[in-house]
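Below, each chain spelled out in residue letters.
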Amino acid sequence: MATELRFLTPEQREFFHREGYLVIEGFWSPETVLKLRDKIKKILKDLAPAESAVETIFTTKEQIRQSDNYFLESGDCIRFFWEEKARDDNKKFVQAPEDCVNKIGHSLHDLDADFRDVSYEKRVGMICRDLGLSIPLAVQSMYIFKQAHIGGAVDAHQDGAFLYTEPQSVLGFWWALNDCTVDNGCLWAVPKSHEWGMHRRFKRKTPPDEGTEWLPAEQTIAWDLSGAVPLEVSAGSLVLIHHSLVHYSAPNNSDNARHAYSIHVVDGMYHYPADNWLRKNNGPFNTIP
Ligand code: FE2
């Protein structure tokens, strides 16, 4: 007997399982989009002075270690990460500091009321269950800026390599907060690539070693990206991403920023190994109702 769907249509669910992704236009109202963009402006204003002290260009081993810790312990914080091209050779910001932030991670969904509302709203839980997650746990969130002029590329990857459960279960929610085009660095997806399998993991090193590593260190299969399609979606649209879908985005060389908000959800039915890079130290992951 077919499972009763809660939010998705049978066609939408079928598309997701066949292609590895799904676009839902107009998921958020223009008011919601505006509210979140305004909220992030306020967060930037409140946190920027303290956070701008954290260097992004590291040369010594000790600095690399601090950088790793800043990233590795961000699972239950609201932290800033800078664009690679944020500073010039003299370490000066190349544009206003607030226009040099690459992303804010990784716990807006738990620590900020507005982002909590949209991350734990009922429709999100319904979609998770429609796509087979029994106990959807929100493990991380990111506000991605893809800044005008300096917004960097995100290389082709599979989300399940970064957030790993046994068996794989991570589901990506990615909301556009600006209209996304090829020019401003929209997402690109390789349809059906979720069937290629996953051959490596990004994980914490085994103590007493510190930091992270890829296992195996080298990519073992060469991905054919020739069939990739640009996901040019309007602000407020939602893109759902299968754990094994190969996806990426190009740099933003345009005059317009391309903001997005994303969360990643895993199934609490499955084992979440402690060597996942993302760790929450202030309690268990929360269930999406
Ligand atoms: Fe991703």
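This one's a predicted model, so the numbers in the text were calculated from it and none came from an experiment. (Residues numbered from 1 in each chain as written. Predicted model: local features only at pLDDT ≥ 70, side-chain atom pairs only at ≥ 80, totals over all residues. Heavy atoms only, no water.)

### Things to note about the overall build of the chain
- A count of helices and strands for the chain gives six helices and 14 strands.
- Relative to a compact globule of 289 residues, whose C-alpha radius of gyration would be 19 Å, the chain shows 18 Å and is just as compact.
- Overall, the chain is about 65 × 45 × 40 Å in size when its C-alpha atoms are taken along their principal axes.
- When burial is assessed residue by residue, the chain has 49% of its 289 residues classed as buried.
- Summing over all exposed atoms, the chain offers an accessible surface of approximately 13,700 Å²; the carbon and sulfur share of this is 53%.
- Charge centroids of the chain, computed over 31 positive and 41 negative side chains, lie 4 Å from each other. (Helix = DSSP H or I, 4+ residues; strand = E, 2+ residues; numbered from the N terminus. Rg over C-alpha atoms; globule rule 2.2 N^0.38 Å. Buried < 20%, exposed > 50% of the residue type's maximum accessible area, 1.4 Å probe, protein only. Areas by Shrake-Rupley, 256 points an atom, 1.4 Å probe, with all protein chains shown as cover. Lys, Arg positive; Asp, Glu negative; His and termini not counted. Charge placed at Lys NZ, Arg CZ, Asp CG, Glu CD.)

### A closer look at the packing of aromatic side chains
- If you walk through the whole model with that rule in mind, you get 20 aromatic pairs.
- Geometrically, the ring pair formed by Phe15 and Tyr21 is edge-to-face, given 5.4 Å between the ring centres and 90° between the ring planes.
- Note on Phe15: relative accessible area 25%, which makes it partly exposed.
- What makes Tyr21 buried here is its relative accessible area of 9%.
- Judged by centre distance (4.5 Å) and plane angle (5°), the rings of Trp28 and Trp175 are stacked. In this pair, Trp28 sits in the loop between strand 1 (21-24) and helix 2 (30-51) while Trp175 sits in strand 6 (residues 171-176), placing the two residues 147 residues apart along the sequence.
- Residue Trp175 is classed as buried on the basis of its relative accessible area, which comes to 0%.
- Taken together through their ring pairs, the aromatic side chains of Phe7, Phe27, Trp28, Phe115, Tyr143, Phe145, Phe173, Trp175 and Tyr261 make up a single cluster.
- Lying over the aromatic face of Trp82, Arg87 brings its terminal NZ or CZ to 5.9 Å of the ring centre. (Phe/Tyr/Trp six-rings, centres within 6.5 Å; stacked < 30°, edge-to-face > 60°. Lys NZ or Arg CZ within 6 Å of the ring centre and 35° of its normal.)

### Brief notes about the nonpolar core
- Counting 54 residues, the largest nonpolar core has Ile104, Phe173 and Tyr261 as the members making the most contacts within it.
- Among the elements that make up this core, the one with the highest residue count is helix 2 (five residues).
- Ranked by size, the runner-up nonpolar core spans 20 residues in total, among them Trp174, Ala189, Ala228 and Val233. (Core = buried A, V, L, I, M, F, W, Y, C linked by side-chain atoms within 4.5 Å.)

### Topic: the coordination of the iron ion
- On the protein side, the iron ion has His157 (NE2), Asp159 (OD) and His247 (NE2) as donor atoms, found 2.2 Å from it.
- On the primary sequence, the residues serving as donors to the iron ion are separated as H-x1-D-x87-H. (Donors = N, O, S within 2.8 Å, 3.2 Å for Na, K, Ca; no water.)

### What about the side chain of Asn184?
- Looking at the secondary structure, you find Asn184 in the loop between strand 6 and strand 7 (187-189).
- Its relative accessible area of 6% is what places Asn184 among the buried residues.
- One polar contact links the side chain of Asn184 to the main-chain carbonyl oxygen of Asp179, over a distance of 2.9 Å.
- Among residues more than four places away in sequence, those in contact with Asn184 are Lys146, Asp179, Asn252, Ser254, Asn256, Ala257 and Arg258. (Polar contact = N/O pair within 3.5 Å; in protein donor to acceptor, adjacent residues only side chain to side chain. Contact = heavy atoms within 4.5 Å.)

### Observations concerning the pattern of salt bridges
- In total, this model carries 13 salt bridges according to the counting rule given.
- The partner of Arg18 in a salt bridge is Glu14, with the nearest N and O atoms 2.8 Å apart. Placement of the pair is Arg18 and Glu14 together in helix 1 (residues 10-19), with a separation of four residues, close to one helical turn.
- Across the pair Lys39 and Asp114 runs a salt bridge whose closest N-O atoms are separated by 3.1 Å. With Lys39 in helix 2 and Asp114 in helix 5 (residues 113-119), this residue pair connects regions lying 75 residues apart in the sequence.
- Three or more residues joined by partner-sharing salt bridges are found here, namely Glu14, Arg18, Glu19 and Lys192. (Salt bridge = Lys/Arg side-chain N within 4 Å of Asp/Glu carboxyl O.)

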